[in-house]
Amino acid sequence: MKRAFIVVYLLCVLLTGCVKQEILEKSTISFVGAFDEAADDQIEMTLAPPRFHSGKSISVSNNLISNIGHTSKSIVQIMDMKLNRTIKTGKISVVLFEKAMAQKGLADELDVFLRDALSSRKLFVAVVDGKAKNLLHADFSSDVEKGMYLFDLLQSNVRTGFVPRQNLNDFEYAYLGKGMDPFLPILALRNGHVVISGLALFKDDRYVSSLNEQQMRMVKLLRERTKHGTLEARLDNGTYAAVRNVGSNVKYRVSRDQNRPKVAIALRFKGEVMDTQGFQLTRDEKQRIKEALEKELAATGTALIQQFKNEGIDPLGLGDIVRSKTRNWNEAAWKKQYPAVNVSLKVHVDILDSGIRK
Amino acid sequence: MKLPATEHPRLTVSAFLVFVLIHAMQFGPEYVSMSIKPIRWAGQDVWISAILSGLSISAVIWLMYQILDRCGTDLIHIHRRLFGRWAGSGLNLVFIVYFLLLACFQLRLFIEVIQVWLFADLATWPLALVLLVLAYYIVSGGFRVVVGICMFSLIRYVTIFAMFFPAIYFHFNNLTPAFDHSPSEILQASKAMTFPYLGAESLLFCYTFIKSPEKSQKWAHWANALTTFSFLLILFFSLLLFKPEQLSFEVWPQLTKYKFIQFPFIDRFEYIGATAQILWVIPIICFCLWASSRIGKIMLGVRQTAVLPFLSLIVFAAVCLIPDRPGVERLQAWLDGFGFCLTYAYIPLVYLVVLVRVKARTAA
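Not measured: the values here are computed from a predicted model.

What counts as what
Residues numbered from 1 in each chain as written. Chains lettered and ligands numbered in written order. Predicted model: local features only at pLDDT ≥ 70, side-chain atom pairs only at ≥ 80, totals over all residues. Heavy atoms only, no water. Contact = heavy atoms within 4.5 Å. Buried area = accessible area lost by both parts, 1.4 Å probe. Polar contact = N/O pair within 3.5 Å; in protein donor to acceptor, adjacent residues only side chain to side chain. Helix = DSSP H or I, 4+ residues; strand = E, 2+ residues; numbered from the N terminus. Nonpolar A, V, L, I, M, F, W, Y, C, P; charged D, E, K, R; others polar. Core = buried A, V, L, I, M, F, W, Y, C linked by side-chain atoms within 4.5 Å. Buried < 20%, exposed > 50% of the residue type's maximum accessible area, 1.4 Å probe, protein only. Pairing = 2+ DSSP bridges.

(A) Spotlight on the interface of chain B and chain A. Every contact between the two is made by 34 residues of chain B and, on the other side, 33 residues of chain A. Carbon and sulfur atoms supply 51% of the area buried between chain B and chain A, which totals about 3,100 Å² over both sides. Between the two partners, chain B and chain A, sit 19 residue pairs in polar contact (both at pLDDT 80 or more). Elements represented by at least two residues in the side of chain B that touches chain A include exactly helix H4 (75-117), helix H5 (124-139), helix H11 (244-247) and helix H13 (270-275) of chain B. With 5 residues, H5(B) is the largest single contributor of residues to the side of chain B that touches chain A. Looking at side-chain class alone, the side of chain B that touches chain A contains 18 nonpolar, 7 polar and 9 charged residues.

What follows is the structure, given as structure tokens:
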């Protein structure tokens, strides 16, 4: 009996090599995938696997491949036929969509990534102003591979900039969750550089409108606690002051007002004056910067919320916040009253320090 | 006519090991998908249902100890004594089938997870064979080895750290408003959680293997308390990370959490998470094989190791015959129904019969 066990276990150990192997040197790995519309309801997918050159000054470039088909997995199959190494899609970290495609809805395409056991939940999704394929073809990163470049661009701006976090998981959460709508960053090509040019707003999974950088900042401040980034305050006398964010916090308070929910948003912003264009910072001056900033943030925020209400979209997730404070919340009723809901925004700015000078 | 209460001391385990055994039996691999249905019923109030289920199982544990302590032997003998030789053997046979199907389910679920997350082209039978040979090896070592494997499997609690990685994606407003569901919805959610809570019935079959069994009751209750706590953690985690609408699209939300973990040296942590499921599976398979072979031994009056190979073969064949996800789900639904009747109807029934018999004898 013991001998039989030993034989069986030896077999187990020896046969472990007999599964399907995936060898790194024999596969094509792309960090970015781009989707564009094509004729007859088809899609065009572009992958940019890195190509390494040994002994050259530019050691890495991208090998761009595009194909048209009905489903992304079948396109990968077609692409394999022009590559000496088969494609593995598990490492895709950035997915780009053409704006026209986003207008028709992204749920079907994103389902591929949510369904695949090999793909990440933390991958970034972005909408491209123009053709996504053209963006990948542009020569925007000289020293890094394009996919990693785009990933780092989005990652660093989400972490330390004013781009609200929105990855695949967040998108699905806001899309399927009731009382909120998703949004995505917009990438655009400007003078050969890729820039995050704003925020694409969605109704369900369809792109409806966009926000500029200024408004995107406000969305970030209204959604998350932040402690990075710099804001600019325009003072009455026409000069500007730059205030660095050292911690912002946002609180939502829901109450009822004539049988209708009322949302009071309180935004606290702690800042440090970094650039005063030369004038001396007296106490009055600090007060003026503070007031100017408060006014500006409140004005941008209120206008933004009004815009959301007019368009019937809810990227801030106000519906979800009201739901969490209301018994028997009902989505249809909320959608009906949403344009008329009283949402107030109060901004409080604290100027703490002013660098190492007075 | 009291039978000898315990086996030979060489074969018994300490009373506190009941804690390990019951907990390992309750906390099975079905936890990966346990949050979907209850949350569909009771949403953010699902914690009430989990506590209710835990309390009801505690009551059932109390009932079981009442039965076992009064009779002083395990359910296999009680069956014969209460219902006669033939009916008792019939009932014992039902339990053999139950334990074998339970083993099949655990094994097939694990193989399915491996097939979906790691190797899509892996056939069912090689892995089933390897795991059953392992289970055979453990079970042929006797009850103490099975309990040892249960103890070893508690290493699973290391994976609790995986819950902290998606913490930045938690949405705490998913937990309010509290008490927004009707009592019937909360009870429905409780009912949907019966299957994950099953496992305490293992006590009915290993009672005679516990040294001083009357002292072990508190350990059984503590095991149930730990299970309830673990399930609460899992439910809260699912509520915080996912919207209920998202959960209805997920098959195994508790494995999806590993998708949020990335290290520079291991990018796909779900490979580790999926394979770690073995720690939930192996103790249950081993106990099921042990219990069914023990029933077989007593029924047929042969050595336990003589029955075990046949039972393992039956499990192997049955596992290979479950082809896909719907098959696994059907089996789970069946076990769920049987387990529900077993815990909430059959055990109280046996308790009543035992009570009536004792009363009748003292009256006579």
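(B) Up close: the nonpolar core. Judged by nonpolar contacts, the single largest core of 131 residues is most densely connected at Phe287(B) and Leu289(B). Among the elements that line this core, the one with the most residues is H4(B), at 20 residues. Residues in contact with Phe287(B), not counting those within four places in the same chain, are Leu21(B), Met25(B), Phe99(B), Phe143(B), Val146(B), Ser202(B) and Cys206(B). Counting residues in each nonpolar core, the second largest holds 65 residues, with Ala48(A), Ala132(A), Ile289(A) and Ala298(A) among its members.

(C) Spatial organisation of the pairing of strand E14 (residues 240-257) of chain A. Residues and elements named next belong to chain A. Here strand E13 (residues 230-234) runs beside E14; their pairing, made up of 5 bridges, is antiparallel. Residue pairing for E14: Glu-232 is matched across the bridge by Ala-242. If you look at the hairpin formed by E13 and E14, you'll find 5 residues sitting between the two strands, and Gly-238 has a positive phi there, around 90°. Both E14 and strand E15 (residues 260-275) contribute to a ladder of 15 bridges, which runs antiparallel. Bridging from a neighbouring strand, Tyr-252 pairs with Ile-265 of E15. Between E14 and E15, which follow one another and run antiparallel, lie 2 residues, and Gln-258 among them has a positive phi close to 50°.

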